[in-house]
Amino acid sequence: MNILIIGGGGREHVITKYIARNPKVSKIYALPGNGGISTLAECFPVSAEDIGGIVSFAKSHAIDFAVVAPDDPLAMGAVDRLEEIGVKCFGPTQKAAQIESSKVFAKSLMSKYGIPTARYEVFTDIDKALSHAALSDCPIVIKADGLAKGKGVTVAENFQQARDAIMSCMKDKSFGASGERIIIEECLTGPEVTVLAFTDGKTVVPMMSSMDHKRAYDGNKGPNTGGMGVIAPNPYYTPEIAAYCMTHIFLPTISAMNQEGRTFKGCLYFGLMLTDDGPKVIEYNCRFGDPEAEAVLPLMETDLLDVMMAVRDERLAEVPVKFRDGASCCVVCASAGYPAKYLTGYTIDFGDAEDMAGVEIFHAGTKLEAGNVVTSGGRVLAVNAVADNLESARALAYEAVGKISFEGMRYRSDIGAL
Ligand code: AMP
Ligand code: GLY
C-alpha cells in the first residue's frame, strides 16, 4: 500500500513510525514531513494547508490510504476532497471537523444534547461582550470561536485581562475571522485529562488517558503553548470516571454528531476537566493531540494502520484495540523564546539518546541540512520514554533529554511531577 501522511510535527512522526511497521505498507509519503519523518517517508514541500496541492499529489502517486493529522487541513475539507478522488482517509469530514473548528458549534451541540460543559454565552458585538464581562465574577474564560493555533483561549483573572482578550479578538482581529465571534464561559477548576478516542461513528474506543502540560514554564506558569509534555495514563482518571465519561460524554457526543448529520470518523480528542460536579468537556479536537499522540501511541499494542483502516471502513467493532500496562512520559524540547519569537537553524546533538531502550525521540520542528538535523520550529523534539510505571518513565525521559542539546534548548523539568 502507498500511504500519504499530511502534516509535519511530532504527532505525524509517531504516526508515520507506527504505520511503517505494518507489512502491508510499501511506500510512505509525507507532506511536508520533517527531519525525523524523512528517515521513514519521502517528504515533499507541500504545505498541509494546500488542499489543491495535496489532492494533485495523491492523484499522481497512486495513494491507497491517507492520514490527515492536523486541524487546519481537516477544517478545510482535505478528507472530503481526497475521498472524492477515491483515496481512503483517516480523519473526519469538514462538517464533522467543525466540532473543533467552531467552538460555538461545539458548545451548542453540548447544550442541545445535555453533554456536561461550562456555562457560556456567545457574542458577536464588542460592547455586549464587554458589558457581560464587566458584570461577571472573575475568573472568566474568553474563547475565539475558530482555530487560533492553540492561542485563542484566555483565562482572565480580572476584568482588565478579560477586556484585553475581547479587544484582541474582536477589535484587533489577532486571530482573523476566528475571533469575530467569541464565547465567554464559566471558569472550571480541577485536574485536566485528555482522552483520545478512535471512532467510526458506530463504536467509540477510548485510548489510554493522558495529561498534557500546556503552560510554558515549570509549576504551570507562563503562557499557554501547544503542549510542553505529557504523561499517560492520567493518574486522576480512575475506572469509575472513565465509565462515567463513556456514558455521559463519549457515547452522547458520537450519537449527537450522527443526529446532526455530521458522523465523526477518526480520532476524537476529549479535553476534560474533572470538577467537583463531575467531568466536563473543556474542548473537543477533531484529531490526535500533539504531544499526546507521542505519549499514547507508544503504549498501543494493536497495529495502528489496521485500526485506522477499520475506522475508515466502519468496522472498528471488529478490531480489539489493546494498550500495554505501564506508563509514558514525554518531554518537549523547545527553542529559546517559544511560544513567542524564536530562532531556528541550530544543529541538534542527540548524544547516544537515540540508542536508549524504552526511549523514542519524535521530531516536531526539525529538518535535515547537509546531513545534520537542525531546528526548524518552536517545539523541536518530543522525547518519550515508556516504562513499567510513571516514576521510571520520568527518570528515563529526563535521562534522554540530558543527553540532547542544541543552542537555546529549553524544556520543563516537571513533566509528570504530580
Ligand atoms: P483550549 O485552547 O480550548 O485547549 O484551552 C486551553 C486551556 O485553557 C485548556 O487546556 C484549559 O486549561 C483552559 N480552559 C479552557 N476553558 C476553560 C474553562 N472553562 N475553565 C478553566 N480553564 C479553561
Ligand atoms: N496538546 C493539545 C492539542 O493538541 O490540542
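Here is what the cut-offs are and how they apply
- Residues numbered from 1 in each chain as written.
- Chains lettered and ligands numbered in written order.
- Predicted model: local features only at pLDDT ≥ 70, side-chain atom pairs only at ≥ 80, totals over all residues.
- Heavy atoms only, no water.
- Core = buried A, V, L, I, M, F, W, Y, C linked by side-chain atoms within 4.5 Å.
- Buried < 20%, exposed > 50% of the residue type's maximum accessible area, 1.4 Å probe, protein only.
- Helix = DSSP H or I, 4+ residues; strand = E, 2+ residues; numbered from the N terminus.
- Contact = heavy atoms within 4.5 Å.
- Pairing = 2+ DSSP bridges.
- Axes fitted to C-alpha atoms, helices over the stretch in contact; angles between N-to-C directions.
- Arc of directions from axis to C-beta.
- Polar contact = N/O pair within 3.5 Å; in protein donor to acceptor, adjacent residues only side chain to side chain.

Caption draft 1: The nonpolar core, seen in detail. Membership of the largest hydrophobic core comes to 47 residues, with the highest contact counts inside it found for Leu4, Leu82, Ile99, Phe250, Phe270, Leu272 and Tyr284. No other element matches helix α9 (residues 239-259), which puts six residues into this core. With near-sequence residues (within four places) excluded, tyrosine 284 lies in contact with Ile99, Glu100, Ala106, Met110, Ile115, Thr253, Leu268, Tyr269 and Phe270. Membership of the second largest hydrophobic core comes to 45 residues, among which are Ile3, Val25, Ala30 and Phe198.

Caption draft 2: Expanded view of the sheet that holds strand β4 (residues 65-68). Reading across the sheet, the five strands line up as β3-β2-β1-β4-β5 and stay open at both edges, with parallel pairing between neighbours. Two strands close off the open sheet at either side, each with one partner strand: β3 (42-43) and β5 (88-90). Bridging between strand β1 (residues 2-7) and strand β2 (residues 27-32) involves six bridges; their strand directions are parallel. When the sheet's bridge partners are listed, asparagine 2 is paired in β2 with lysine 27. Packing of helix α1 (residues 10-19) onto the sheet brings it into contact with β1, β2 and β4, and relative to β1 it is tilted by some 170°. Along the sheet, helix α11 (residues 304-312) makes contact with β1, β4 and β5, crossing β4 at roughly 95°.

Caption draft 3: Geometry of the pairing of strand β14 (residues 221-224). Of the strand pairs in this sheet, strand β13 (residues 215-217) and β14 are connected by two bridges, and their pairing is antiparallel. Counterpart to arginine 215 in the pairing with β14 is asparagine 224. If you look at the hairpin formed by β13 and β14, you'll find three residues sitting between the two strands, and glycine 219 has a positive phi there, around 75°.

Caption draft 4: Inspection of helix α7 (residues 126-135) at higher detail. Three or more residues of α7 are buried, namely Ala129, Leu130 and Ala133. One side of α7 carries all its buried residues, which in axial view fall inside an arc of 95°. Facing away from the buried surface of α7 by more than 90 degrees, the exposed residues are Asp127, Lys128 and Leu135. The elements touched by buried residues of α7 are β6 (120-123), β7 (140-144), α8 (159-170) and β9 (182-186). For α7, the N-terminal cap is aspartate 125; the gap from its side-chain oxygen to the backbone nitrogen of aspartate 127 is 3.0 Å.

Caption draft 5: Spotlight on the sheet that holds strand β11 (residues 204-206). If you trace the four strands from one edge of the open sheet to the other, you get β11-β10-β16-β17, paired in antiparallel fashion. The two strands at the open ends of the sheet, each matched to only one other strand, are β11 and β17 (278-285). Along the sheet, successive strands turn relative to each other by an average axial angle of 35°, direction set aside. Relative to β11, strand β10 (residues 192-199) runs antiparallel, the two being bridged by three bridges. By the bridge assignment for β11, phenylalanine 198 is matched with valine 205.

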